Amino acid sequence: MESMLISPAKFIFFGFLPGWVLSLSLLIIGLGVFTYIIWKRILPIKNASPDNSRLDRIPERIVKLAKLWFLQARHPRYPFVGILHILIFFGFLILSVRTGSLSVIGIFENFELPGLAYNQPLGQVYNIIKDYTATIVFFTCLIAAVRRSLFKPARYNVPEKYGHDHTLEAVFVLAIIMGLMISESIFEAAAASAGNDGHTPQLTLVWMFSEILNGSSHGMLQKTHLVSYFFHDALFFFFLCFLPMGKHFHVITSVFNVFFMRIDKGNIKPVVYGVNDEGLDDLESFGVKKIEDFTWKHMLDFYSCADCGRCSDHCPANAAGRPLSPRFISIKCRDFLFRKYPVIGKPSNNRELIGSVLEKDEIWSCTTCGACEEECPLLIEYIDKIVDVRRGFVDDGNVPQSLQKPLGALEKRGNPWGKMEKKRADWAKDEDFSKDYTVKILGRKESADTLYFVDSISSYDDRMQDIARATARLLSDSGIDYGILGKLEKDSGHEVRRFGEEMLFQDLKDNNTEAILNSGVKNIVTADPHAYNALKNDYANLPPVVHISEVIERKVKTGDIRLKEIEDKSRVYTFHDPCYLGRHNELYAPPRAVIDAVPGIKRIDMKKSGDRSFCCGGGGLMLFYEPEEEQRMGVLRVGMAKEAGANVIVTACPFCLVNIEDAIKVAGMEGEMNAIDLTELIDRHVIRE
């Protein structure tokens, strides 16, 4: 037993220095240095912009913390490395009890945590679990180190312009963890060997080192016992102070970052927290122009990035070869903070944040699809940061040339094409359509229970007007009393806001809100996920908003809509989840249920579907932006459909349909692959009297 040897607390070094003094010195110095480093890291957070939205709905936050941080719910999305991380994570939690008590044992030799004494049942159980845990963590770290060094996934690569990768740091930290496991096990093994303790759990590091040390002299065991203890103690405090110096800061910050996560999806942060829409005119500046313009939560994001590359691995802009990799936004901003707020010495940062650290093409390349945020295990937010930087661009007049015309048209005419307001309802005047269907224009003479909010693309684009007419037919066939706003409707402003033109968005929102409330409708339906998201999450005090897929699903179930057998049984259909219907609003089931309701239809899912769906690249003003890219996102998406074995791509978004139909042509797959909107598919198969 350990009593057979002189404990670290009682041993006298050099004939005069008690071990407890050495242990206490390590404790004071280690915690002192750590406190100083953390204080330095908190300084930029103190200087950051406010965010008063992170302390609401505490019970919900606790549940999400338990699921996403404690249970590591997102890590198994990458099965092999996810399991490795979970083993190390839970190993840390279990061994933290032992590590904490070891630091105290060096000062008070008889210290034992309540209930965990060696001679108590719970203590005996914990020590067995602890020994096996240390062994598992050691070999898990060894596997992770080999994988990171020799079989490094492409998502860890770092382009030359961003500097070096973090493989060396990652392997160094894994080596530290293995060193902690070995030193603690040798400490235990030396004591066990000195006391001839035969109860060491077999097939553990402690058991292995006990076998090696058995037969050693008492003096050798004493030296081994002491050296391993103080090595473990010093290594632990070095590790503690090293963590805030790089990407492994997430070991400390992740619990806070997950707790303070953004709970609601689909919305965008206000320009400044605490300033309402009416107060925007009084602001001297909009958006992010310097690092301190980011909120304190976003700085916590920078600290929490683990550089795992999952965000970039699923970023469609990155896959298409655009100059955007979400991972590097966090890494570059973290490095920028470290240089501007150094732990030691004066700031060495002489670079501008905008245009140097964060490049314009990089920021404009984002489609705000949300794939990066959905994948991040630490709940790092990117869309709000990018929108805030864009707000700064717009405030300074730095808008891409290709976007200036549609933004000007939106301001003048309420749509990005600059077409006349009075032509907004012309789609309903189509000769074939108007013979059988009449669409009410809500106003002084007409009223309805439900508003069909068409939005700009389906109102003005010749091809997308087919979606408007299909939607109108389905609403009529369902017996729904509906109408449209006609010339009173303006663009929903969804993309306008996400492209940083906040004041223009506010004008569009105010116009639409007034028109909707004056119409007296009780419900709103739209076939455009961008309009759906804007009305639901960006506007306020409107009647309930639903997507047309939800209406069709409900009407199919009630029998108000009856469907005939699929027209062409040789076709295989796949559903492309629109970003603002799926990831941002979690409507995955209704569109699939609607497709499956067509008798005899064959539907399969693409590999990237559901919350891992791949953005088409055509959302909103992206139709007007001309980014630098190696391959179009839509072409990549069409290739995924082909790989899945489908030859018809069903969308539920006019922007997706525009981009995918165009991508089919670009990919040279006309005749081989088709695209159709969900409303068109159902409209073709409705049984009408």
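Residues numbered from 1 in each chain as written. Predicted model: local features only at pLDDT ≥ 70, side-chain atom pairs only at ≥ 80, totals over all residues. Heavy atoms only, no water.

The secondary structure content of the protein chain amounts to 27 helices and 11 strands. Reported as C-alpha extents along the three principal axes, the dimensions of the protein chain are approximately 105 × 60 × 45 Å. Sequence-distant contacts, at least 24 apart, represent 78% of the contacts inside the protein chain between residues at least 6 apart. As presented, the protein chain carries roughly 29,700 Å² of accessible surface, and 57% of it is formed by carbon and sulfur atoms. When the 81 basic and 88 acidic side-chain charges of the protein chain are each reduced to a single mean position, those positions are 1 Å apart. (Helix = DSSP H or I, 4+ residues; strand = E, 2+ residues; numbered from the N terminus. Contact = heavy atoms within 4.5 Å. Areas by Shrake-Rupley, 256 points an atom, 1.4 Å probe, with all protein chains shown as cover. Lys, Arg positive; Asp, Glu negative; His and termini not counted. Charge placed at Lys NZ, Arg CZ, Asp CG, Glu CD.)

By a frequent convention, interface size equals the accessible area lost on bringing the separate parts together. As assigned here, the protein chain comprises domain 1 (12–245), domain 2 (287–395), domain 3 (415–548) and domain 4 (573–685). Measuring from the centre of the C-alpha atoms in domain 1 to the corresponding centre in domain 2 gives 30 Å. Contacts between domain 1 and domain 2 engage 31 residues on the former and 34 residues on the latter. Regarding the contact of domain 1 and domain 2, the summed buried area is about 3,000 Å², with carbon and sulfur atoms giving 52% of it. (Domains from an automatic or database assignment. Buried area = accessible area lost by both parts, 1.4 Å probe.)

Let's shift gears to helix H22 (residues 529–538). Among the 10 residues that make up H22, 8 are buried, leaving the element largely enclosed by the rest of the structure. Those residues of H22 lying buried are Pro-529, His-530, Ala-531, Tyr-532, Asn-533, Ala-534, Leu-535 and Asp-538. Summarising the contacts, the buried residues of H22 are in contact with helix H20 (494–498), helix H21 (502–519), strand E6 (523–526), strand E7 (545–547), helix H23 (548–558) and helix H26 (654–666). Put simply, Asp-528 is the residue that caps the front of H22, since its side-chain oxygen is 2.8 Å from the backbone nitrogen of His-530. (Buried < 20%, exposed > 50% of the residue type's maximum accessible area, 1.4 Å probe, protein only. Polar contact = N/O pair within 3.5 Å; in protein donor to acceptor, adjacent residues only side chain to side chain.)

Attention shifts here to the pattern of salt bridges. Summed over the entire model, instances satisfying the criterion amount to 56 salt bridges. The partner of Arg-327 in a salt bridge is Asp-307, with the nearest N and O atoms 2.5 Å apart. Note that Arg-327 is positioned in helix H12 (residues 326–340) and Asp-307 in the loop between helix H9 (296–304) and helix H10 (310–313), a separation of 20 residues in sequence. Arg-327 gets classed as buried once you look at its relative accessible area, which sits at 2%. We note a salt bridge from Asp-577 to Arg-592, for which the minimum N-O separation is 2.6 Å. Of this pair, Asp-577 sits in the loop between strand E8 (573–575) and helix H24 (589–596) while Arg-592 sits in helix H24, and the two are 15 residues apart along the sequence. The residues Asp-577 and Arg-592 share a single accessibility class, namely buried. (Salt bridge = Lys/Arg side-chain N within 4 Å of Asp/Glu carboxyl O.)

The subject of this paragraph is a negative patch on the surface. Side chains of Glu-278, Glu-411, Asp-507, Asp-510 and Glu-514 sit close together on the surface and give a patch of like negative charge. Looking at the negative patch, the element that brings in the most residues is H21, giving 3 residues. Topologically, Asp-507 is positioned in helix H21. (Patch = residues over 30% accessible without salt bridge, like charges linked within 9 Å, V, L, I, M, F, W, Y side chains within 5 Å.)

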